[in-house]
Each structure stands twice: as C-alpha cells, then as structure tokens.
Amino acid sequence: MNIWIAIGATAVGCYLVKLLGLLVPAGALERPLVQRLSALLPVALLAALTAQQTFSANGALVLDARGAGLAAAALALVLRAPFLVVVAAAVVVTAGVRAIGG
C-alpha cells in the first residue's frame, strides 16, 4: 500500500509543479538571465546524471571501464564526430577495457 501512496503523491506533486510553471508571468520568463539558465540547465542535469551513473556503484566512487568509455566519447565529441560515432567509440572502448581487464 505504501508504494501506491508514493505513486499518488508523486503524481500530485508533478501536477502541481506543472501548474506552478503555467502560473509564472511571461515577463519573468523573458529575462535574459532566465533564458540563459533555461538553456544551460538541461545540459548540466544530463552531465550530472552521466557522472553519477559512470563513477558510482553502491554509493562508492569507482573507476572502471565506464570511465574509459566516457573519456572516449568526450574525445570523439572534441573531434566533432557525428553522434553515432561518439556512441560507437564509447561502446567499443568500454567493451575493450572490460575484455582486457575482466
């Protein structure tokens, strides 16, 4: 029963956050600072999620094949490779490090 209470509370919370977003005046959203932050916020959140998923296991810091794959993807991005090449580089390097290191 506790899980259904959590699901219901989450649904109500999401609805209220969406409603709150609709109530924000348009003038507040047109400020340059708000527009810059809204453009950068998804990138920052995705970077934080990627770092947390790559360098953490059971609440501890780990350095394994995932870090090497992320480094390969970052290098491919710096070299302006297409998205599929970036993903392929990360997959190949991660698989290679896991095959070599066990």
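Reference entry: report on the structure contained in this document. Bear in mind the structure is a predicted one, so any value in this text is a computation, not a measurement.

**Details of the overall build of the protein chain**
- What the protein chain contains, in helices and strands, is five helices and two strands.
- Counting from the amino terminus, the protein chain carries its helices and strands in the arrangement α-α-α-β-β-α-α.
- In terms of overall dimensions, the protein chain is more spread out than a globule: its C-alpha atoms have a radius of gyration of 20 Å, far above the 13 Å expected for 102 residues.
- If you line up the protein chain on its principal axes, its C-alpha atoms span 55 × 45 × 25 Å.
- Burial status across the protein chain gives 10% buried among its 102 residues.
- Taking the intrachain contacts of the protein chain between residues at least 6 apart in sequence as the baseline, contacts between residues at least 24 apart amount to 26%.
- If you sum the accessible surface of the protein chain, you get close to 8,200 Å²; carbon and sulfur atoms cover 76% of it.

**A short note on the packing of helix H3 (residues 32–55) against helix H4 (residues 65–78)**
- Orientation of H3 relative to H4, taken along the N-to-C sense of each, is 145°, at an axis distance of 8 Å. Of the residues in H4, those touching H3 at Thr50, Gln53, Thr54 and Phe55 are Arg66, Gly67 and Leu70.
- Tallied by class, residues from the contact of H3 with H4 come to two nonpolar, four polar and one charged.

**A look at a nonpolar patch on the surface**
- A surface patch of nonpolar side chains, about 660 Å² in accessible area, is lined by Val12, Tyr15, Leu16, Leu19, Leu22 and Leu23.
- Residue placement: leucine 22 occurs in helix H1 (residues 2–22).

**What about the side chain of threonine 94?**
- Along the chain, threonine 94 turns up in helix H5 (residues 83–101).
- In terms of polar contacts, threonine 94 uses its side chain to reach the backbone carbonyl oxygen of alanine 90, at 2.7 Å.

**What about the side chain of threonine 54?**
- Along the polypeptide, threonine 54 turns up in helix H3.
- Looking at threonine 54, the relative accessible area reads 9%, which means it is buried.
- In terms of polar contacts, threonine 54 uses its side chain to reach the backbone carbonyl oxygen of threonine 50, at 2.7 Å.
- For threonine 54, the residues in contact, after removing those within four places along its chain, are Val62, Asp64, Arg66, Gly67 and Leu70.

**Remarks on unusual backbone geometry**
- Although it is not a glycine, asparagine 58 sits at a positive phi angle of roughly 55°.
- Note on placement: asparagine 58 falls in the loop between strand E1 (56–57) and strand E2 (60–61).
- Located in the positive-phi region is arginine 80, a residue other than glycine, with phi close to 60°.
- Examined against the element boundaries, arginine 80 turns out to sit in the loop between H4 and H5.

**Details of H5**
- For H5, spanning 19 residues, the distance from its first C-alpha to its last is 27 Å, which sits close to the expected 27 Å at 1.5 Å a residue.
- Within H5, the full set of buried residues consists of Val86, Ala90 and Thr94. Buried residues of H5 fall within an arc of 60° about the axis and therefore sit on the same side. In H5, the exposed residues that point more than 90 degrees away from the buried face are Leu84, Val91, Val92, Ala99 and Ile100.

Conventions and cut-offs
- Residues numbered from 1 in each chain as written.
- Predicted model: local features only at pLDDT ≥ 70, side-chain atom pairs only at ≥ 80, totals over all residues.
- Heavy atoms only, no water.
- Helix = DSSP H or I, 4+ residues; strand = E, 2+ residues; numbered from the N terminus.
- Rg over C-alpha atoms; globule rule 2.2 N^0.38 Å.
- Buried < 20%, exposed > 50% of the residue type's maximum accessible area, 1.4 Å probe, protein only.
- Contact = heavy atoms within 4.5 Å.
- Areas by Shrake-Rupley, 256 points an atom, 1.4 Å probe, with all protein chains shown as cover.
- Axes fitted to C-alpha atoms, helices over the stretch in contact; angles between N-to-C directions.
- Nonpolar A, V, L, I, M, F, W, Y, C, P; charged D, E, K, R; others polar.
- Patch = residues over 30% accessible without salt bridge, like charges linked within 9 Å, V, L, I, M, F, W, Y side chains within 5 Å.
- Salt bridge = Lys/Arg side-chain N within 4 Å of Asp/Glu carboxyl O.
- Polar contact = N/O pair within 3.5 Å; in protein donor to acceptor, adjacent residues only side chain to side chain.
- Expected span 1.5 Å × (residues − 1).
- Arc of directions from axis to C-beta.

Geometry only, nothing functional implied.
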